[in-house]
Amino acid sequence: MTALPPHIHTLTGNLLAERTLEFAAWAPGKTQRATRESFQVGGKGINIAKMLNRFGLANTAICFTGRAPGAECKAWMRLHGIAFKAFSTSTPTRSGTVVRVAGQPETTFLGPDAAPHPGALRACAEHLDAQPDGGILAVCGSLPGWNTTDYDPLRAAFDRWLTHGVLVADTYGPPLAWFAARPLPLVKINAVELRTLFDSSNSTGATLASAGATFPVRRWVVSDGPHAIWFRDESGPPASLTPPPIREISPTGSGDILHASLIKSLFIDGLTLPDAVARAIPLAAANAAHPGIAEFPLVVS
């Protein structure tokens, strides 16, 4: 009997209740009426879950939801077939608005970050501790309130996960420094986030070389919009691959599509890091060339 792939969990620490408004034309300073409005749930872990669903991989999106925006997010995830485990918090889920005009770069407005309350963080830690061995956990995006003692239970649960499962991260700021100090099998970030680890103005390749020599992370993948994607594993120097040229429609979520593909390729299919990056890049580019997230025509090699 063929063993089932490990279950994948994504953890989104800062969920987003997001509306997209489309206009024929848009400029600041006056009242304007949209031609179309849509709602979606944002957050790196949710985007990854959408792509994992496209791959047919079992996954659960772990998140924190609060008040009316949180309830709307849960209803949307149910409607769109995203399996989730939500921990209720007293803080309203963060809201945001995307303004989209044909032929112009889209503009995103984000509400204030929403830090989960201590009880929700403890409940999340207990949930992680209750999962069977061998699972994959991707910690995604910002983690508001990270520097407070409220996160102590969750930090301890992350450390315990490392002893019996696969823990990967795509975050920034103080959480990134914390995860980078641990032997994670994968950290996927962007070039700006990488440089914050060193306060560096060096090239991405040079900064990544420093990261590999400084931190115990086994594999790094660093995206930079349409520019070269750099990667490094513990056995060699940094290398890069260039994404294909595209007509960009919306870059939102393309890094998360890259991350989802890396998780599948590395930890489900057993590919090497160069092969995993080579497989992931066309998918991220296809996402940027289409509206929506993980909604492009999918051809998987």
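Refer to the structure above for everything that follows.
Residues numbered from 1 in each chain as written. Predicted model: local features only at pLDDT ≥ 70, side-chain atom pairs only at ≥ 80, totals over all residues. Heavy atoms only, no water.

Draft legend 1. Structural view of unusual backbone geometry. Phi at Asp199 is positive, roughly 50°, even though this residue is not glycine. Along the chain, Asp199 turns up in the loop between α6 (191-196) and α7 (204-214). By relative accessible area, Asp199 is classed as exposed at 74%. (Helix = DSSP H or I, 4+ residues; strand = E, 2+ residues; numbered from the N terminus. Buried < 20%, exposed > 50% of the residue type's maximum accessible area, 1.4 Å probe, protein only.)

Draft legend 2. Quick peek at the pattern of salt bridges. If you walk through the whole model with that rule in mind, you get 14 salt bridges. One salt bridge connects Glu295 with Lys50, and the closest N-O pair in it is separated by 3.5 Å. Of this pair, Glu295 sits in the segment after α9 (273-288) while Lys50 sits in helix α1 (residues 44-55), placing them 245 residues apart in sequence. Glu295 sits in the exposed class, given a relative accessible area of 53%. We classify Lys50 as buried; its relative accessible area is 16%. Of the charged contacts, one joins Glu106 and Arg100 as a salt bridge, the two residues approaching to 3.1 Å between their closest N and O atoms. Through salt bridges with shared partners, a single network forms among Lys44, Asp170, Lys188 and Asp256. (Salt bridge = Lys/Arg side-chain N within 4 Å of Asp/Glu carboxyl O.)

Draft legend 3. Highlighting α7. Looking only at α7, the buried set comprises Thr204, Gly205, Thr207, Leu208, Ala211 and Gly212. Along the axis of α7, the buried residues cluster in a sector spanning 160°; they form a single face. Exposed side chains of α7 directed beyond 90 degrees from the buried face belong to Ala213 and Thr214. In this fold, the buried residues of α7 make contact with α6, β11 (219-223) and β12 (229-233). (Arc of directions from axis to C-beta. Contact = heavy atoms within 4.5 Å.)

Draft legend 4. A look at the nonpolar core. Leu11, Leu128, Phe158, Phe179 and Trp220 are the most contacted members of the largest nonpolar core, which has 36 residues in total. By residue number, the principal contributor to this core is helix α3 (residues 118-129), which donates five residues. For Leu128, the residues in contact, after removing those within four places along its chain, are Leu11, Ile62, Leu137, Leu154, Ala157, Phe158 and Trp161. (Core = buried A, V, L, I, M, F, W, Y, C linked by side-chain atoms within 4.5 Å.)

Draft legend 5. The arrangement of the packing of aromatic side chains in detail. Applying the stated criterion across every chain yields a total of nine aromatic pairs. Centroid distance Phe158 to Phe179: 5.4 Å. Interplanar angle 45°. Geometry classified as tilted. Here Phe179 lies in helix α5 (residues 174-180) and Phe158 lies in helix α4 (residues 152-162), a separation of 21 residues in the sequence. Phe179 sits in the buried class, given a relative accessible area of 0%. Taken together, Trp146, Tyr151, Phe158, Trp178 and Phe179 form an aromatic cluster joined through their ring pairs. The ring of Phe55 is capped by Lys264, whose NZ or CZ atom sits 5.6 Å from the centre of that ring. (Phe/Tyr/Trp six-rings, centres within 6.5 Å; stacked < 30°, edge-to-face > 60°. Lys NZ or Arg CZ within 6 Å of the ring centre and 35° of its normal.)

Draft legend 6. Here's a closer look at the pairing of strand β4 (residues 59-65). Most of β4 is tucked away, with seven of its seven residues classed as buried. Burial of the side chains of β4 extends over both faces: Asn59, Ala61, Cys63 and Thr65 are buried on one face and Thr60, Ile62 and Phe64 on the other. As paired strands, β4 and strand β5 (residues 84-88) are joined by five bridges and run parallel to one another. The residue bridging Phe64 from the neighbouring strand is Phe87, located in β5. Each parallel crossover has a hand, and for β4 linked through helix α2 (residues 67-79) to β5 it is right-handed. (Pairing = 2+ DSSP bridges. Right-handed = clockwise from strand over helix to strand, strands pointing away.)

Draft legend 7. Representation of the side chain of Thr12. Inspection of the secondary structure puts Thr12 in strand β1 (residues 8-12). Taking relative accessible area as the criterion, Thr12 reaches 2% and is therefore assigned buried. From its side chain, Thr12 meets the backbone nitrogen of Ile46 in a polar contact 3.4 Å long. Discounting residues that sit within four places of it in the chain, Thr12 has contacts with Gly43, Lys44, Gly45, Ile46, Ile62, Cys63, Phe64 and Cys140. (Polar contact = N/O pair within 3.5 Å; in protein donor to acceptor, adjacent residues only side chain to side chain.)

Draft legend 8. Representation of the layout of surface pockets. For the second largest pocket, the calculated volume is near 290 Å³. For the second largest pocket, the lining is made up of 14 residues, of which Val101, Ala102, Gly103, Gln104 and Ile249 are closest to its centre. Secondary-structure elements contributing two or more residues to the lining of the second largest pocket are β2 (16-23) and β6 (94-101). Here the residues of the lining of the second largest pocket sort into seven nonpolar, two polar and five charged. (1 Å grid on protein atoms, 1.4 Å probe; cavity = no way out; pocket = protein on both sides within 12 Å on 5 of 7 lines; lining within 4 Å. Points joined across faces, edges and corners; volume = space filled by probe spheres on them. Nonpolar A, V, L, I, M, F, W, Y, C, P; charged D, E, K, R; others polar.)

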